[in-house]
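Structure at a glance
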Amino acid sequence: LPTPDDFYDVIFVRFVLEHTRDPLPILNELRRVLKPNGRLVIIDFDGLIFNLHHQDKLLGEYLSKLEKELPIDLFIGRKLPRMLFDMDLKVDEFYIQPLIFQGEALEAEADNMLMRFQQTETLIKSILGSENFGPFVDLYLSELRKAQALFCNKFIITSSKT
């Protein structure tokens, strides 16, 4: 960041760290620009696409391959307290908000999932193959509706620089 050391009193990072496999450079830079006794607030999801319980072997293979090869970490939330500790950032508050999608909320989330898949179509095709994109999306949405509920967690962590 084009910012001097120890510059900000408060930094909010919302839904950023899940989009990288290696958040440490980002966290280190945030720590650098945070004033002593400054507060770093991180909000991120945990498990979003991969928390679907299903019985389909092919979907399991697709999801396993995506989890391994996507350049993101959708399980970042549970890792953050230790990462912050290792960086000498004190976790002041830690809150997990469970998100439960059922009924109309599940249908809305299915629409959101479809939109997410469409927005990342090129990336998903590069991992699963072009011929598997449509079948993956259809299978995922079908299994999502069969599950009747989807769960994920939103992590909200406030830490401070000592």
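It should be noted that the structure appears before, not after, this text.
All values derive from a computational prediction rather than experimental measurement.

**Quick look at the overall build of the chain**
Broken down by element type, the chain carries six helices and four strands. The secondary structure elements of the chain, listed N-terminal to C-terminal, are β-α-β-α-α-β-α-α-α-β. Along the three orthogonal principal directions, the C-alpha set of the chain runs to about 50 × 30 × 25 Å. Across the 162 residues that make up the chain, the buried fraction comes to 44%. Within the chain, counting contacts between residues at least 6 apart in sequence, those at least 24 apart form 85% of the total. Only carbon and sulfur atoms are counted for the fraction: they give 54% of the accessible area of the chain, which is about 9,000 Å². Charged side chains of the chain number 19 positive and 25 negative; the gap between the two group centres comes to 3 Å.

**What about the side chain of Lys161?**
Here Lys161 is to be found in strand 4 (residues 150-161). Side-chain polar atoms of Lys161 contact the backbone oxygen of Leu34, separated by 2.7 Å.

**Details of the nonpolar core**
A general tendency of soluble globular proteins is for nonpolar side chains to be buried together. Residues Met113, Phe117, Phe136, Tyr140 and Leu144 are the most contacted members of the largest nonpolar core, which totals 33 residues. If you tally residues by element for this core, the top one is helix 6 (residues 130-147), at seven residues. Dropping the residues within four chain positions of it, Phe117 is found in contact with Ile49, Ile124, Phe133, Phe136, Val137 and Tyr140. Counting residues in each nonpolar core, the second largest holds 16 residues, with Ile11, Val13, Met83 and Met87 among its members.

**Structural notes on the sheet that holds strand 1 (residues 8-14)**
Strand order in the open sheet formed by four strands is 1-2-4-3, and the pairing between neighbours is mixed. The sheet terminates laterally at strand 1 and strand 3 (89-101), the two strands that pair on one side only. Strand-to-strand twist across the sheet, computed as the mean angle between neighbouring axes with direction ignored, equals 10°. Bridge analysis of strand 3 against strand 4 gives twelve bridges, and the strand direction is antiparallel. Paired with Leu99 across the bridge in strand 4 is Cys152. With respect to the sheet, helix 1 (residues 24-33) is in contact with strand 1, strand 2 (34-46), strand 3 and strand 4, its orientation differing from that of strand 2 by roughly 150°.

**Let's talk about the pairing of strand 2**
In this sheet, strand 2 lies alongside strand 1 in parallel orientation, the contact comprising six bridges. Opposite Val13, over in strand 2, you have Ile42 as the bridge partner. As for the winding sense of the linkage, the β-α-β connection from strand 1 through helix 1 to strand 2 is right-handed. The pairing of strand 2 with strand 4 spans eight bridges and is classified as antiparallel. In the strand pairing of strand 4, Ile42 is matched with Ile157.

**A word on unusual backbone geometry**
A positive phi angle, near 60°, is found at Asp88, a position not held by glycine. By the element assignment, Asp88 lies in the loop between helix 3 (80-86) and strand 3. Residues other than glycine seldom take positive phi values, yet Gln148 does so here, at roughly 65°. Relative to the helices and strands, Gln148 is located in the loop between helix 6 and strand 4. Gln148 gets classed as exposed once you look at its relative accessible area, which sits at 57%.

**Let's talk about the packing of helix 2 (residues 57-69) against helix 5 (residues 121-128)**
Look at helix 2 against helix 5: their axes get within 10 Å of each other, and the N-to-C directions meet at 110°. Relative to helix 5, helix 2 is oriented roughly perpendicular. Here Tyr62, Lys65, Leu66 and Glu69 of helix 2 come into contact with helix 5, specifically with Ile124, Ile127 and Leu128. A per-class count over the contact of helix 2 with helix 5 returns five nonpolar, no polar and two charged.

Quick notes on the rules
Residues numbered from 1 in each chain as written. Predicted model: local features only at pLDDT ≥ 70, side-chain atom pairs only at ≥ 80, totals over all residues. Heavy atoms only, no water. Helix = DSSP H or I, 4+ residues; strand = E, 2+ residues; numbered from the N terminus. Buried < 20%, exposed > 50% of the residue type's maximum accessible area, 1.4 Å probe, protein only. Contact = heavy atoms within 4.5 Å. Areas by Shrake-Rupley, 256 points an atom, 1.4 Å probe, with all protein chains shown as cover. Lys, Arg positive; Asp, Glu negative; His and termini not counted. Charge placed at Lys NZ, Arg CZ, Asp CG, Glu CD. Polar contact = N/O pair within 3.5 Å; in protein donor to acceptor, adjacent residues only side chain to side chain. Core = buried A, V, L, I, M, F, W, Y, C linked by side-chain atoms within 4.5 Å. Pairing = 2+ DSSP bridges. Axes fitted to C-alpha atoms, helices over the stretch in contact; angles between N-to-C directions. Right-handed = clockwise from strand over helix to strand, strands pointing away. Parallel < 35°, antiparallel > 145°, perpendicular 65-115°, else oblique. Nonpolar A, V, L, I, M, F, W, Y, C, P; charged D, E, K, R; others polar.

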